[in-house]
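The primary structure of each chain is shown beneath.
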Amino acid sequence: MRALLLPPSGGGGRKQSTDRGTPGGWPCLGQSPPVLRYARTPHPAAARGEGNNRPRKPMLFFQQLLNGLLDGVYYLLIALGLSLIFSLGGIVNLAHGAFFAIGAYLTIVFSQYVGFSGALVASPAAVALIGILMERFLFRRFYRSDPILSLLLTFGLAMVAEQALRWIFGAPPLSYSMPRELRGQIFIGDFVYSYYRTILLGIAIACVAAIWLLLNRTSFGRVVRAGVQNPDMVGALGISLQPYMTAVAALGIGLAGLAGVLLAPIYAVHPAMGQEIITPAFVVCVIGGLGSFWGVVVAALLVGLVKGFMVAIDYPAASIAAIYFMMLVVLLVRPRGLFGERIQRFE
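Computed from a prediction, not measured in an experiment: that's the story for all the values here.

Trainee: Teacher, can you tell me more about the overall build of the protein chain here?
Mentor: Of regular secondary structure, the protein chain possesses 11 helices and four strands. Looking at the protein chain as a whole, 43% of its 347 residues qualify as buried. Look at the contacts in the protein chain between residues 6 or more apart in sequence, and 75% of them connect residues 24 or more apart. Of the roughly 18,500 Å² of accessible surface on the protein chain, a fraction of 65% belongs to carbon and sulfur atoms.

Written out as C-alpha cells, the structure reads:
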C-alpha cells in the first residue's frame, strides 16, 4: 500500500505557501489540508487476473480460528502450571498471572543485553527462581491448610506484584519490538499467517510434549503423580515430597514466565496484564478437570477455538462470554471437568 499526496482542490497543483515556517509546502493554518489517498499495491496473482474469483472469507475465517488457537496456547501455558501446583500442593495460585507479567517485563529488560533469544532462556529461568523462593518461604506453610487461606495469600501476592511493576516500570503500557529475523509472513496459496505466531505455536507444542514426557516417562513424574493421588502413602514409603513440590512450583511458574516472554512482542506489556489472563486460565483448568494433563490441553484448545470462532463470525464482544458459557455447561454435565480424575485427598 502506498500513499499518494494530492494537492487540495482549487490549488491547481501549485506548491503551498511556506510562510510562518511551515515545512516543505504544507499549508498554513486556515488553508485546506492536502488530500491523503491510498492506493493498494496489487497482489502478483491479482495483477495477472488469477485471484479475482477466489473466495477470501474462508481464508479469513481460518485465520481467526488460528488466532483463537494462539490465545488457547498461552492459556495452556498458564493453566498447566496452575493445575500442577494445585494438584500436588493444594495451592490456589491467584498470583500466577503476576508471574506471567513479570516474565514479559523481564523480556524487555534482558533483551537490551542478551537479545531476544537470550531473554527467551533467562526470563523464564529468573521467574522460576522467584517461584522457588515463593514456594520455600510462603507456599510451604499452606500445603495442609484450607485452600481458602492459600487463595487469600496468593491474591495478596498478585496485588503486591502488580503495584511493584507499576512502581518500577510505570503505569503506561510498554511495547517490545519484535526481532527482525522473526518478522514476516507465511504464504500458502491465499492463506497468510504471521511467521512469529507460527513459531509460538511450535514452541508451545514442544513444551507440552516435554512436560508429558517428564511426567510419564521419568521417575520424577511417577513420584509427582503418586503424590497427587495419595501423598500420605508416598510419605510412608520414605519419599519426601518437599523437593518435588519445589520443582513443580518452579516448573509451573517458569511456564507462566515463558508465556510472558512469547507474548511480549505481540501484546502491550502493562502491570495489569496478569489479571487479564488469570481468569481464562482458571476456566481452562475447570473445563479440563483437576489432575488431568490432557484435560487441560484439550480444554485450552477448545477455549481458544471457541473464542476464535466467535470473532470469525463477527461477534468478538461475545467471545469471552462464550467460554464462560462453555464452562457452565461442562460443570452442569460433568462437575469434575471433561477429563477430571478422582483425587483421594480432595474427596
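Trainee: Explain the packing of aromatic side chains here, please?
Mentor: Given two aromatic rings, one states the distance between the centres and the angle between the planes to describe the pair. The tally for this structure, following the rule as stated, stands at eight aromatic pairs. Aromatic ring contacts, followed pair by pair, group Tyr-74, Tyr-75 and Tyr-267 into a single cluster. For Arg-136, the ring lying beneath its charged end belongs to Phe-137, and the centroid distance is 5.4 Å.

Trainee: Can you help me understand the confidence of the model for the protein chain in this one?
Mentor: As a note on interpretation, predicted positions should not be read in detail where pLDDT is low. Counting all residues, the mean pLDDT for the protein chain is 82, and 82% of those residues have values of 70 or more. Mean pLDDT in the protein chain bottoms out at strand E2 (residues 35-39), which sits at 39, and peaks at helix H3 (residues 96-137), which reaches 94. Within the model, pLDDT remains below 50 along residues 1-55, and this stretch shows 53 contacts once partners closer than five positions in the same chain are excluded.

Trainee: Would you mind going over the pattern of salt bridges with me for this structure?
Mentor: Side chains that differ in charge, positive against negative, can pair when their charged atoms come close. Taken as a whole and assessed by the stated rule, the structure comprises three salt bridges. Two residues, Asp-71 and Lys-307, come together in a salt bridge whose shortest N-O distance is 3.4 Å. Of this pair, Asp-71 sits in helix H2 (residues 57-89) while Lys-307 sits in helix H10 (residues 293-312); the two residues are 236 residues apart in sequence, bridging distant segments of the chain. Each member of the pair Asp-71 and Lys-307 is classed as buried.

Trainee: Teacher, can you tell me more about a nonpolar patch on the surface here?
Mentor: Together, Phe-325, Leu-328, Val-329, Leu-332 and Val-333 give the surface a local cluster of nonpolar side chains, amounting to about 540 Å² of exposed area. With respect to the helices and strands, Leu-328 occurs in helix H11 (residues 319-333).

Trainee: What should I look at first to understand H2 in this one?
Mentor: Since the α-helix turns once every 3.6 residues, residues separated by three or four places project in the same direction. The terminal C-alpha atoms of H2, which comprises 33 residues, lie 48 Å apart, in line with the 48 Å expected from a rise of 1.5 Å per residue. Directly beyond the C-terminal end of H2, a positive phi value near 75 degrees is found at Gly-90.

Trainee: I'm lost on the nonpolar core in this one. Help?
Mentor: One broad rule of soluble globular proteins: the nonpolar side chains tend to lie buried together. Counting 80 residues, the largest nonpolar core has Ile-78, Leu-80, Phe-100, Val-284 and Ile-287 as its most contacted members. Tallying contributions element by element places H2 first for this core, with 14 residues. Leave out the neighbours within four places in its chain, and Ile-78 touches His-96, Phe-100, Ala-256, Ala-259, Ile-277 and Ala-281.

Trainee: Looking at this structure, how should I read unusual backbone geometry?
Mentor: Glycine aside, the phi torsion of most residues is negative, and most peptide linkages are trans. Phi angles above zero are rare outside glycine, and Asp-314 is one such case at about 70 degrees. In this structure, Asp-314 sits in the loop between H10 and H11. Looking at Asp-314, the relative accessible area reads 65%, which means it is exposed.

Trainee: Help me understand the environment of Asp-146 in this model?
Mentor: By the element assignment, Asp-146 lies in the loop between H3 and helix H4 (147-169). The partly exposed category is assigned to Asp-146, whose relative accessible area is 46%. For the pair formed by Asp-146 and Gly-90, sequence separation is 56 residues and the distance between their alpha carbons is 8.6 Å.

Trainee: Would you take a moment to explain the pairing of strand E4 (residues 191-194) for this structure?
Mentor: Bridge count between strand E3 (residues 185-188) and E4: four bridges; the pairing is antiparallel. Counterpart to Ile-188 in the pairing with E4 is Phe-191. Between the antiparallel neighbours E3 and E4 lie two residues, among them Gly-189 with a positive phi of about 65 degrees.

Trainee: Just checking my understanding: could you explain the packing of helix H5 (residues 195-216) against H10 for this structure?
Mentor: Describing two packed helices takes the angle between their axes plus the distance from one axis to the other. Running from N to C, H5 and H10 cross one another at 165 degrees; their axes reach a closest spacing of 11 Å. Taken together, the axis directions place H5 and H10 in an arrangement best described as roughly antiparallel. Judged by the twist between their axes, the crossing of H5 over H10 is left-handed. Across the interface between the two elements, Val-208, Ile-211, Trp-212 and Leu-215 of H5 pack against Phe-293, Trp-294 and Val-297 of H10. When its residues are assigned to classes, the contact of H5 with H10 shows seven nonpolar, no polar and no charged.

What counts and how
- Residues numbered from 1 in each chain as written.
- Predicted model: local features only at pLDDT ≥ 70, side-chain atom pairs only at ≥ 80, totals over all residues.
- Heavy atoms only, no water.
- Helix = DSSP H or I, 4+ residues; strand = E, 2+ residues; numbered from the N terminus.
- Buried < 20%, exposed > 50% of the residue type's maximum accessible area, 1.4 Å probe, protein only.
- Contact = heavy atoms within 4.5 Å.
- Areas by Shrake-Rupley, 256 points an atom, 1.4 Å probe, with all protein chains shown as cover.
- Phe/Tyr/Trp six-rings, centres within 6.5 Å; stacked < 30°, edge-to-face > 60°.
- Lys NZ or Arg CZ within 6 Å of the ring centre and 35° of its normal.
- pLDDT = per-residue confidence, 0-100.
- Salt bridge = Lys/Arg side-chain N within 4 Å of Asp/Glu carboxyl O.
- Patch = residues over 30% accessible without salt bridge, like charges linked within 9 Å, V, L, I, M, F, W, Y side chains within 5 Å.
- Expected span 1.5 Å × (residues − 1).
- Core = buried A, V, L, I, M, F, W, Y, C linked by side-chain atoms within 4.5 Å.
- Pairing = 2+ DSSP bridges.
- Axes fitted to C-alpha atoms, helices over the stretch in contact; angles between N-to-C directions.
- Parallel < 35°, antiparallel > 145°, perpendicular 65-115°, else oblique.
- Left-handed = near helix turned anticlockwise from the far one by under 90°.
- Nonpolar A, V, L, I, M, F, W, Y, C, P; charged D, E, K, R; others polar.

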